Amino acid sequence: TAWTPAIDKALEARRKHLPNTHPTYFADPIAMARARDCLFYDERGLSYLDALNNVTLLGHGHPRLVDAATRQLGRLNTNTRFVYDTLTEYAERLTATLPDGLDVVYFVNSGSEANDLALRMARFLTKRDDIVIIDDAYHGYTTVVADVSPSRYRNYGKPDTTHPTPVPDRYRGAYGYDDADAGAKYAQHVIDTFDRLAAEGRPPAAFLYESLLAGGGQVVLPPGYLEPITAAAAERGVLTIADEVQVGFGRLGEAFWGFQTQGPGVVPDFVTMGKAMGNGFPMAAMVTTREISRAFDPAGRFFSTYGGNPVACAVGLELLEVVADEGLQHNALVVGQYLRDRLAGLADRHPLIGDVRGQGFYSGVEFVRDRETKEPASEETLTICERLKDRGVLVYPTGPSWNILKLKPPLTFTRGHADEFTDALDAVLETGW
Ligand code: PMP
């Protein structure tokens, strides 16, 4: 029989057993063999710079994490009804990164579960059903969270209890970068939604937000946005949920949690987290106050078989220590800004670049066909990603029109990596796509 490359065999098997369930990046998908720090290596031995991985916070295969996981796997891994120190030690370390009062942790296994649980508690405690969100968000795949994720419910119809508010996008939205009050003005839309719903006799249970909008198109929340919303919510008995699944754990540089970049007055009732939490090891959590936890479940009947398992806790604990020991939040702040400065420099020569924005190592480069009309350059963006891949650089589009490069490298990304990325993008834009 004729020799078939491994990737063809793998793709054939995917078509059979995973027809639509596990989509792949790129027209010509990559068979990835291994990865280390900021580089991937495919089965042919070609290397790729990883600018798309917001799961791998510490870089791929970090030796301290590999050690922590394997040591714990060999020592004890069980469901969570036994007593082991890593669980409590980790919960203590994790809550120490959060504002006072947020001290009760529910360990789960995915960002979807964390949001699902927060919504369930908010609805139970307030005895209300309606949820206010920011448009174009994605909060996960379970039934409850798909119902508050516009990119999902658009396929089956918006649930009556979901209320999207305008994306506070200062590039495309009603209030721009030149408006110093943009944050307050976008916030007013959310507060007006609280009041409109209350007037209709259906005040909302919760406001669910991401601290930097990923699905919305890498939109940095304008200063002064979350503070008035948080205050208005507290006055009206609306609980707030910060979805930190994409941006938590120091990625935004200025603070460990994204909501903290909006000022000290922003303390959510629930914080949900996942992805980077285990550097790729599947784990997630929802953190809330003792008061909320007790009111929801005084008998302590919450149980997740794998949530907070010993290996996950060992990995999570080590990750927090590595972020601190290696100064990774600071690196995100400084090198993240350096990367954006270099990308903004390209805009002088490449009119396709409409906007460069972000915080720390979470950035977006928005491509437009015309800077006046801001017509999204969607096809071009995907082609640019393909051409970058040919040059050994991996990044992928995001946003409602898929015309924004979503840059989310490991926090170990260096200035050298930032230069490599920018030079490759420059070359692709120069030579055409
Ligand atoms: N919230 C946000 C902001 C996300 O980006 C995602 C995943 N992309 C989720 C929640 C869901 O997380 P998971 O895929 O771990 O269920």
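Please read these numbers as outputs of a predicted model, since none were measured by experiment.

## As for the sheet that holds strand E11 (residues 270–273)
The pairing of strands in a sheet comes from backbone hydrogen bonds and takes either a parallel or an antiparallel form.
No. 1: Within the open sheet, the 7 strands sit side by side as E4-E12-E11-E10-E7-E5-E6. Their pairing is mixed. Each edge of the open sheet carries a strand with a single partner, namely strand E4 (104–108) and strand E6 (162–165). Averaged over neighbouring strand pairs, the angle between their axes works out to 20° when direction is ignored.
No. 2: Pairing of E11 with strand E12 (residues 284–288), which is carried by 4 bridges, proceeds in the antiparallel orientation. Paired with Met-273 across the strands is Ala-285, a residue of E12.
No. 3: On top of the sheet, helix H4 (residues 111–126) reaches E4, strand E5 (131–134), strand E7 (206–210), strand E10 (239–243), E11 and E12; it is set at about 25° to E12, its chief contact.

## Here we look at helix H1 (residues 6–17)
No. 1: With 12 residues, H1 ought to run about 16 Å at 1.5 Å a step, and its terminal C-alpha atoms sit 16 Å apart, in line with that.
No. 2: Counting buried positions along H1 gives 0 out of 12 residues, so the element sits mostly on the surface.

## Examining the environment of Ile-30
No. 1: Among the structural elements, Ile-30 can be located in the loop between H1 and strand E1 (32–36).
No. 2: For Ile-30, a count of 17 C-beta atoms within 10 Å corresponds to the partly exposed category.
No. 3: With 145 residues separating them along the chain, Ile-30 and Tyr-175 place their C-alpha atoms 41 Å apart.

## Re the domain arrangement of the protein chain
No. 1: Under the domain assignment, the protein chain is made up of domain 1 (6–58 + 327–431) and domain 2 (63–325).
No. 2: Taking only C-alpha atoms, the centre of domain 1 and the centre of domain 2 are 25 Å apart.
No. 3: With 27 residues of domain 1 in contact, the opposing surface of domain 2 contributes 26 residues.
No. 4: When residues of the side of domain 1 that touches domain 2 are traced back to their parent elements, those giving at least two are helix H11 (328–346), strand E13 (353–359), strand E14 (362–367) and strand E17 (404–407).

## Brief notes about the confidence of the model for the protein chain
No. 1: On average, residues of the protein chain carry a pLDDT of 95, and 99% of them reach 70 or more.
No. 2: Scoring the predicted complex yields pTM 0.96 and, for the interface, ipTM 0.99.

## Examining the environment of Ala-232
No. 1: With respect to the element layout, Ala-232 can be found in helix H8 (residues 226–236).
No. 2: Sequence spacing of Ala-232 and Val-190 is 42 residues, and the spatial spacing of their C-alpha atoms is 9.4 Å.
No. 3: In this structure, Ala-232 is in contact with Ile-191 and Phe-194, ignoring residues within four places of it in sequence.

## Digging into the pairing of E13
No. 1: Summarising burial for E13: 7 of the 7 residues are buried, a large majority.
No. 2: Where E13 meets E14, 6 bridges bridge the pair, whose relative direction is antiparallel. Each bridged residue has a counterpart across the sheet, and for Gly-358 the counterpart in E14 is Ser-363.
No. 3: The hairpin formed by E13 and E14 contains 2 residues between the paired strands, and Gly-360 there has a positive phi angle of roughly 55°.

## Considerations on the nonpolar core
No. 1: If you look at the biggest cluster of nonpolar residues, it comprises 120 residues, and the most contacted ones within it are Ala-118, Ala-206, Phe-207, Ala-285, Met-286, Val-393 and Val-395.
No. 2: When residues of this core are assigned to their parent elements, the largest contribution, 9 residues, is made by helix H10 (residues 310–325).
No. 3: Formed jointly, this core draws a minimum of three residues from each of two domains, domain 1 (6–58 + 327–431) and domain 2 (63–325).
No. 4: Sequence-distant contacts of Ala-206, that is, excluding residues within four places in its chain, are made with Leu-119, Ala-122, Ile-131, Val-238, Leu-239, Thr-240 and Ile-241.

## Focus on the packing of helix H3 (residues 85–96) against H10
No. 1: Direction vectors running N to C along H3 and H10 enclose 35°, while the axes themselves pass 9 Å from each other. Seen along the crossing, H3 lies across H10 with a hand that is left-handed. For the pair H3 and H10, contact is made by Thr-86, Leu-87, Glu-89, Tyr-90, Arg-93 and Leu-94 and by Pro-310, Cys-313, Ala-314, Gly-316, Leu-317 and Leu-320, respectively.
No. 2: Of the residues that constitute the contact of H3 with H10, the class distribution is 8 nonpolar, 2 polar and 2 charged.

Rules and cut-offs
- Residues numbered from 1 in each chain as written.
- Predicted model: local features only at pLDDT ≥ 70, side-chain atom pairs only at ≥ 80, totals over all residues.
- Pairing = 2+ DSSP bridges.
- Helix = DSSP H or I, 4+ residues; strand = E, 2+ residues; numbered from the N terminus.
- Axes fitted to C-alpha atoms, helices over the stretch in contact; angles between N-to-C directions.
- Contact = placed C-beta atoms within 7 Å.
- Expected span 1.5 Å × (residues − 1).
- Buried ≥ 20, exposed ≤ 12 C-beta atoms within 10 Å, placed from the backbone.
- Domains from an automatic or database assignment.
- pLDDT = per-residue confidence, 0-100.
- Core = buried A, V, L, I, M, F, W, Y, C linked by C-beta atoms within 7 Å.
- Left-handed = near helix turned anticlockwise from the far one by under 90°.
- Nonpolar A, V, L, I, M, F, W, Y, C, P; charged D, E, K, R; others polar.

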